[in-house]
Amino acid sequence: MHTSIVQLNAISVQWKNLRKEDNNLYLGYLSGMNPCTSFRKLCKVFSVIFATFSLVYLAYIIVFVKVALPEDSLTSYFLRPVKLILEPVCKLNITDDTIIKVKNSRTFLVSAYLDFRGSRIVRILGITYRYEPDSLLCDFCFLNPNNSSINFAEYQVHTDHFNFPYGTTDLLCNVPDDEDPGYVSLYRMDDPAPVFLKIKNTVEQVNKLEPKFQYNILICVSAMFGAYSNVLQFIQSMEMYRILGAEKVIIYHTESSPDMKTILSYYVNIKFVELISWPITSFINVSKGWHYPDHPGDLHYFGQTAALNDCIYRNMYKSKYIALNDLDELIIPVVHKDWPEMMNYLLRDDPNLNVFIFENHLFPTTLQDKTNGLTPEEWISIPGVNILHHVYREPNLPNENNPTKMIINPRSIVKVSVHVPLEFMGNQYQVPSDIAKLCHYREPKQRDLDPSLLIEDHILSEYEINLIERVNRVLMDVNYIKVKNVSHRLTF
C-alpha cells in the first residue's frame, strides 16, 4: 500500500512538470505568432491611415451628404464633436445680445430663425421705423467659406403697430437651396464691419415631422418693466400656472423691484422661469400705454409684440403649446381640472385647431371680498394684490370689442399680436366662457358701474387651498414669512 502511494505521487509530479513544459511551449508559440511583434511599425501606420480615413469619411457625410440624424440618436451623440469642429466660423463681429441696432439706420434686430415652412428663408425679428424703411443687405456665413449669398432683405411690418412710428417687423432673407447658414447679418452698404446673428432653430428641428417636445405648455410674458413690485400676485400667478399644467414661463425682463428680483431668482433656480433680458429702453423711446399719441413714445408698450413673436419662434420646437397672457391674467378652466385636460377636450372634434381664443373677464381689484377667512394673516405684509380677495367681476358689454388672449400651436404661427394672431395656418376657435375664462385682476374698466351689477364669481374656489399652501411654501423658502402648521400635502 505504501509503495503504491509513493508511485502515485511520483507520477503526479511528472505530470505537473509535463503540463508546465507544454504551457511554456504554447506561450512561446503564441509569442512567435503575434504579428505586431515583428511588424509593430506597420501596425501603427495602418492604424493612423484607418483613423484618418474614418474622420474624412464622417466629414464628407456631414458636410456634403448632409444626413439629418435624430438629435437624440446614439450616432448623433458621437458625431457631435465632429460637427462642432466643422461648424462655420465667422471671423467678423458675432453678437448674442437680445437687441442690436443696425449701424447708420433706424432698424433694430432681435433674433434670427430658420423658417422652411414655406420658402427657404431666415426670418429676422426686428423693430423698424415704419415711414422710411432702411435698405439692408442680407449676408450669410456658410460652412464653405467660398460660398456667398448676398441679397436685399424683404420688409414685412406687422399690421398691429397701434399707429406708433416704430413697429414690429419681420425681415426675410432668402436661403440658397444647397446651403444651410449658421449666421446672418443685416447691414447697410456703407457698413464695413456688420454684426452677425446666430441663426436659431436648426435644420433638424424645422425638418422634423414629429418633434419631441421639451414642454407640453409654456407661457410667454412680455414685458416686465417699471420697477415691477407686485410680489404676492406674481407668486400666486406662478403657482396657479403650475397647478394648471404649465411647465415653463418665459419673461422678457426690463426692470423690476429688489423684492421682485428675489422672487424671480427663486423661480429661475427651480427652473420654472426663464428671464430674457429686454433692454428696449436703451434703444427706443417706448410708450407706457396703448394709444398713440395719447401715450407718448415711438414704440408701443415696451415693444410687447416684438417680445411675444420672439418668444414664439424661440420656443417653436420646444413646446407643444404656448399660452400668451400677462402676469395679472389667468386662463381658468370651468369644467376641466387643468389645461392639458381642457386642450384634449377642445381638440376632440377638430385636430387642426391651432389657435384658441379666450375672452377677458375683468375682476376689479378695487372691490374686495372681506368674508374670505382662508387667507393667512401673514400675507398682509407682502406687497401686491391678493387675487383670492377679488370674487366680483364686471359684466362684459355685448356691443364692445372685448380683449382676448390665446393658447397657440407655435408651429402654426407666422405673426401674432397681443390679442389675436395676425398670420397663421390651420383653424382658430373662440372658447366659450362656460368652458374657460380669461380672468383679469386689475383696476376697473367700467369705473361708473353700480356695484350691484357686478357678478359674483368664485372660479378660484376649488384651487384655493392648494394655492394657499403653495404660496406659503414659496414665501417660507424666500424667508418672507414663517408659517406654522403648513400642510405638506402639495400637488406638484
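Residues numbered from 1 in each chain as written. Predicted model: local features only at pLDDT ≥ 70, side-chain atom pairs only at ≥ 80, totals over all residues. Heavy atoms only, no water.

Going by an unreviewed UniProt entry, the chain carries the name Glycosyltransferase family 92 protein and comes from Ranitomeya imitator. Per UniProt, the chain has the following entry under Subcellular location (unreviewed entry): "Membrane". (UniProt positions renumbered as here; feature names shortened; annotations may be inferred.)

A. View of the confidence of the model for the chain. The predicted model of the chain averages 84 in pLDDT, with 78% of residues at 70 or higher. Confidence drops under pLDDT 50 across residues 1-16; counting only partners more than four residues distant or on other chains, this segment forms zero contacts. Low pLDDT (under 50) marks residues 18-38, which in the prediction has two contacts with non-local residues, meaning those over four places away or in another chain. (pLDDT = per-residue confidence, 0-100. Contact = heavy atoms within 4.5 Å.)

B. Region of interest: helix α10 (residues 464-477). For α10, with 14 residues, the first-to-last C-alpha span of 20 Å sits near the 20 Å given by 1.5 Å per residue. Counted residue by residue, α10 has 11 buried out of 14 residues, so it is predominantly covered. Looking at the buried residues of α10, the elements they touch are α6 (231-244) and α7 (258-269). One or two steps after α10, the chain reaches Asn-479, where phi turns positive at roughly 65°. (Helix = DSSP H or I, 4+ residues; strand = E, 2+ residues; numbered from the N terminus. Expected span 1.5 Å × (residues − 1). Buried < 20%, exposed > 50% of the residue type's maximum accessible area, 1.4 Å probe, protein only.)

C. Local environment of the state of the cysteines. Enumeration according to the criterion identifies two disulfides in this entry. Disulfide pairing places Cys-138 opposite Cys-173 at an S-S distance of 2.0 Å. Across the S-S bond of Cys-138 and Cys-173 the torsion is about -75°, and the bridge reads as left-handed. Placement of the pair is Cys-138 in strand β5 (residues 137-141) and Cys-173 in strand β8 (residues 166-174), with a sequence separation of 35 residues. Like Cys-173, Cys-138 is buried. (Disulfide = S-S within 2.5 Å.)

D. View of the nonpolar core. Membership of the largest hydrophobic core comes to 64 residues, with the highest contact counts inside it found for Val-122, Ile-124, Val-184, Leu-186, Trp-278 and Ile-280. What Ile-280 contacts, discounting residues up to four positions off in sequence, is Ile-99, Ile-127, Thr-254, Val-286, Leu-299 and Phe-302. Core analysis: the second largest hydrophobic core is formed by 60 residues, Ile-235, Met-240, Tyr-267 and Met-342 among them. (Core = buried A, V, L, I, M, F, W, Y, C linked by side-chain atoms within 4.5 Å.)

E. Expanded view of the packing of aromatic side chains. If you walk through the whole model with that rule in mind, you get 16 aromatic pairs. The interplanar angle of 55° and the centroid separation of 6.2 Å between the aromatic rings of Phe-108 and Tyr-166 together place this pair among those described as tilted. Taken together, the residues Phe-108 in strand β3 (residues 107-115) and Tyr-166 in strand β8 connect sequence positions 58 residues apart. With respect to class, Phe-108 is no different from Tyr-166; both count as buried. Centroid distance Phe-225 to Tyr-301: 5.4 Å. Interplanar angle 85°. Geometry classified as edge-to-face. Separated by 76 residues along the polypeptide, Phe-225 in the loop between β11 (215-224) and α6 and Tyr-301 in the loop between β13 (273-277) and α8 (304-314) bring together distant segments of the chain. We classify Phe-225 as buried; its relative accessible area is 19%. Three or more aromatic residues joined by ring pairs form one cluster here, namely Phe-108, Tyr-129, Tyr-131, Tyr-166 and Phe-283. Seen from the ring of Phe-272, Arg-242 lies directly overhead, with NZ or CZ sitting 5.5 Å from the centre. (Phe/Tyr/Trp six-rings, centres within 6.5 Å; stacked < 30°, edge-to-face > 60°. Lys NZ or Arg CZ within 6 Å of the ring centre and 35° of its normal.)

F. Structural view of the pairing of β5. The element β5 is extensively covered by neighbouring structure, given that five of its five residues are classed as buried. As judged from the five bridges shared by β5 and strand β9 (residues 183-187), these two strands associate in the antiparallel manner. Bridge pairing in β9 places Phe-140 opposite Val-184. (Pairing = 2+ DSSP bridges.)

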